[in-house]
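# Coordinate inspection notes
Below are the chains, spelled out letter by letter.
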Amino acid sequence: MHSTLALSVVPFLLSLTHATNIPITVGADAELAFNPQVITASVGDTLTFSYFPKNHSVVQSSFTDPCHPLADGFFSGFQPLAAGPGPVEFVVTVNDTKPIWIYCSQTSHCQKGMAMVVNQPAPPSPNTLDAYKLAAAKTGISSSPPNIEGGVFISLNSTSTTGSTSTGSASSSGVGSSSSSGSGGSSTGSGSGSGSQSSPISFPGGAAKTAAGFIMLTLAAGGACLALF
């Protein structure tokens, strides 16, 4: 039994030794866009999101329900900024090669095409980013998870990491509103908590946070803003 377990773990550990960090900008050059929008990632690679004005989020969704969060997916909260890049980056670690659908849940941003995909299905699959955006444009409103989860914040001003918080996040006070999934209401304010986890915390079908604040995600399918106009 032990030998079988060891053999199954070895390929995963080997993949981590060759992991690549993939930088992704969120709203750079005043555009409602992730850049790059289509990414191919391997197990162990990290997706590092850097934020630009005015106020964006990173949310995992499914292909079939664009602009709305995937249960147990990741959510960075909103990052209101006057200039970019912002002082923190949101980092997600890829744990498998299934497609990951991602959007910004700021008001109207997803509907205007602010979305991306990691490991887009190969042809002849109809599940493409263009198809996702077409479906997103027909949705009435975007929504956000109630809590920041499934990723790690890294401060650009220090070597410390910031873990996911247990409370939701939205835009800065006085600026728009965004609905949170499951609540039907709007929320304002923004925030993220800091501190490492003393023991791993598992999210069903999703993430495991370790003592170092390192997140391992089973990124199945995914993609979810408030406005600063």
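Residues numbered from 1 in each chain as written. Predicted model: local features only at pLDDT ≥ 70, side-chain atom pairs only at ≥ 80, totals over all residues. Heavy atoms only, no water.

An unreviewed UniProt entry lists the protein chain under the name Cupredoxin, from Lepraria finkii.

## Considering unusual backbone geometry
Under the convention used in this document: For helices the rule is a DSSP run of H or I covering at least 4 residues; for strands it is a run of E covering at least 2, with both sets numbered from the N terminus onward. Working definition: with a 1.4 Å probe on protein chains only, accessible area under 20% of the residue-type maximum means buried, over 50% means exposed, and in between means partly exposed.
Of the consecutive residues Asn35 and Pro36, the connecting peptide bond is found in the cis state with omega at 0 degrees. Note that Pro36 resides in the loop between strand 2 (34–35) and strand 3 (38–39). In this model, Pro123 is joined to Pro124 through a cis peptide bond whose omega is 10 degrees. Inspection of the secondary structure assignment puts Pro124 in the loop between strand 11 (115–118) and helix 2 (129–137). Located in the positive-phi region is Cys67, a residue other than glycine, with phi close to 70 degrees. Classification of Cys67 as buried rests on a relative accessible area of 0%. Positive phi outside glycine occurs at Asp72, with the angle close to 65 degrees.

## Here's the deal with the nonpolar core
Quick reminder of the rule: Only buried residues count toward a nonpolar core. Its members are Ala, Val, Leu, Ile, Met, Phe, Trp, Tyr and Cys residues joined through side-chain atoms within 4.5 Å. Contacts are residue-level and defined by heavy atoms, with any inter-residue pair within 4.5 Å sufficient.
Counting 23 residues, the largest nonpolar core has Ile24, Phe34, Phe49, Val58, Ile102, Met116 and Val118 as its most contacted members. Not counting residues within four places of it along the chain, the set of residues in contact with Val58 comprises Val26, Phe34, Phe49, Tyr51, Phe74, Phe75, Ser76, Gly77, Ile102 and Tyr103. Listed in part, the 13 residues of the second largest apolar core include Phe75, Tyr103, Val117 and Leu129.

## Things to note about the sheet that holds strand 11
Note the threshold: Two strands qualify as a pair provided that DSSP identifies no fewer than 2 bridges between them.
Pairing is mixed in the open sheet, where five strands are placed in the order 3-11-10-6-7. Looking at which strands have only one partner, the edges of the open sheet turn out to be strand 3 and strand 7 (65–69). Sheet analysis places strand 6 (residues 59–62) next to strand 10 (residues 100–103), joined by three bridges and oriented antiparallel. The partner of Ser61 across the bridge, within strand 10, is Trp101.

## Comments concerning the state of the cysteines
Chemically, a disulfide is nothing more than a covalent bond linking the sulfur atoms of two cysteines. Applicable threshold: Here, two cysteine sulfur atoms that lie within 2.5 Å of each other are counted as a disulfide.
Applying the stated rule across the entire model yields one disulfide. At a sulfur-sulfur separation of 2.1 Å, the disulfide partner of Cys67 is Cys110. Its torsion about the S-S bond being -85 degrees, the disulfide of Cys67 and Cys110 is classed as left-handed. On the criterion of sequence distance, the pair formed by Cys67 in strand 7 and Cys110 in the loop between strand 10 and strand 11 is long-range, its members being 43 residues apart. Like Cys67, the residue Cys110 is buried in the burial classification.

## So, the side chain of Ser142
Rule in force here: For this analysis, a polar contact is any N or O atom pair within 3.5 Å, provided that within protein one partner can donate a hydrogen and the other can accept it, and provided that sequence-adjacent residues contribute only side-chain to side-chain pairs.
Mapped onto the elements, Ser142 comes out in the loop between helix 2 and strand 12 (143–144). Taking relative accessible area as the criterion, Ser142 reaches 4% and is therefore assigned buried. Among the polar contacts made by the side chain of Ser142, one reaches the side chain of Gln111 at a distance of 3.2 Å.

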